[in-house]
Amino acid sequence: MSAAPPFLLIGNPGNRRVTLFQEALVRAGLPPAHVVSWETVARAPDVLLELPDTERCVRIDAAGEDAEVERAFLKRGHADALFDGCDLVPPEQVDALPPEHGRVLCPRQHHLGFLRVLEDLAARFAQRPRWRVLSQPSAIASLFDKRITSRRYAALGIPVPPYLDDITTPEALRQGMSEACWREVFVKLSCGSSASCLAVYRVGRTPGSEGSLLTSLHRGATGWFNSLKVRRVSDAAEVDAVLSFLLREGSQVEQARPKARLGGDVFDCRILAVRGEPVFTVVRQSRHPITNLHLGGYRGDLDAFHAAVPPRELEAALESCRAVARTHDCLHVGIDLMFEEFFHGHRVLEANAFGDLLPGLTRDGLSVYDWEIREALR
């Protein structure tokens, strides 16, 4: 690999994603990647044009877990958010915001700023034709809108959970669920990730009842916060407050379909496709419908998974993952997939541009990043 092109990495220096990827480059006998921070490209994207137009591989990694990057995105997104009817923080107030761990601050404004920065990246990459961009900014942008991807997959015949369109208030949600004869739905912030800003809402059994929900959101003195603990909310006012916030910021609303079980617990899968081929699988199990590992879920046994899933259904699910991966110009895509109760079918729940942080997972002696580096250099 001595003749391999060097890597340029856009990420947050010091973040474990960057650290783990650099360690994988060392294992491959390659020089460390040149890292340009998200904060830098958000504030001064022309710094990329200071790098020579020589052959290199460009990896774009996740932008989260950095307060300064969040501030930069909020500033960039304010003008677009003005027309969206969502929560806003004026640019001149952004730097005065106190650091509050877990606070969910104007997610739609933040996302619109992220889209602006992705546009900046695409414009600079167009001036560097010898750079091989492993995940195109436009593909990352679409993967960060669950409403876009769900409808795109459905149009291609890929099975997804049924969804409702144009739901912006709790009242409209209950009306839509009544018309569809649905008892329970997932309400997901369309630009969210890692189960941030997610609720599982169940309508009440009696007419006029607001019902209850499962969520990791809670309201503090200064706004909404994400918690690592999933809680059930049954107070009518709080139920509608959570739903109003999620729907106002823009959410994917989809039917909560019963999931298959392993060992008595429900489960779904994160399947990582690299170059369009499913390579790594993580089984995520939980006692409740939210299976994310940081919210009380746990990694299921892969052998038990393969023993339980009928081979025909597993291959059909993997083919759906291939079809999803083919729709995005990305080296890797993390696909969340569920099997229906009793393995009577499967559904693609969503796909993730940065769904490859899977530490400890190996295949043929290679970690996820080892595998991606090898495939990037093919």
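So, a few notes on the structure that sits alongside this text. These figures come from a predicted structure and were not determined experimentally.

## Here we look at the nonpolar core
Reasoning step 1: In terms of nonpolar packing, the biggest core is built from 55 residues, with Trp38, Ile60, Leu121, Phe125, Phe267, Phe305 and Phe339 touching the most fellow members.
Reasoning step 2: Considering every element that reaches this core, the biggest residue donor is helix α11 (residues 311-326), with seven residues.
Reasoning step 3: For this core, the two domains that each supply at least three residues are domain 1 (1-133) and domain 3 (259-377).
Reasoning step 4: Apart from residues lying up to four places away in sequence, Phe305 is in contact with Leu262, Phe267, Cys269, Thr281, Val283, Leu314 and Phe339.

## Comments concerning the packing of aromatic side chains
Reasoning step 1: Inspection of every chain in the model, using the stated rule, returns 15 aromatic pairs.
Reasoning step 2: Here the aromatic rings of Phe267 and Phe305 are separated by 6.0 Å at their centres, their planes lie at 80 degrees, and the arrangement is edge-to-face. Of this pair, Phe267 sits in strand β13 (residues 265-274) while Phe305 sits in helix α10 (residues 302-308), placing them 38 residues apart in sequence. Each member of the pair, Phe267 together with Phe305, is buried.

## Quick word on the pairing of strand β14 (residues 277-286)
Reasoning step 1: For β14, a buried count of nine out of 10 residues is recorded, marking the element as mostly surrounded by other parts of the structure.
Reasoning step 2: As consecutive antiparallel partners, β13 and β14 are separated by two residues, and within that stretch Arg275 has a phi angle of approximately 55 degrees, a positive value.
Reasoning step 3: Here two bridges tie β14 to strand β15 (residues 298-299), and the two strands are oriented antiparallel to one another. Within β15, the residue paired with Gln285 across the bridge is Tyr298.

About the thresholds
- The numbering scheme is per chain: residues are counted from 1 as the chain's sequence reads.
- For a predicted model such as this one, the threshold for reporting local features is a pLDDT of at least 70, and the threshold for listing and counting side-chain atom pairs is 80 or more; totals across whole chains, interfaces and linings nevertheless cover every residue.
- In computing side-chain values, all of the structure's heavy atoms are included and hydrogens and water are not.
- Put simply, buried Ala, Val, Leu, Ile, Met, Phe, Trp, Tyr and Cys residues joined by side-chain atoms within 4.5 Å make one nonpolar core.
- Only protein chains enter the calculation, and the probe is 1.4 Å; a residue is then buried if its accessible area is under 20% of its type maximum, exposed if over 50%, and partly exposed in between.
- Counting from the N terminus, the helices are the DSSP runs of H or I reaching at least four residues and the strands are the DSSP runs of E reaching at least two.
- For the domain bounds, the source is a domain assignment made automatically or taken from a database.
- Contact between two residues is taken to exist if any of their heavy atoms lie within 4.5 Å; hydrogens are not considered.
- Put simply, two rings from Phe, Tyr or Trp (the six-membered ring, in Trp's case) pair if the centres are within 6.5 Å, and we call them stacked under 30 degrees between planes, edge-to-face over 60, tilted for the rest.
- The pairing criterion for strands is at least two bridges between them, as found by DSSP.

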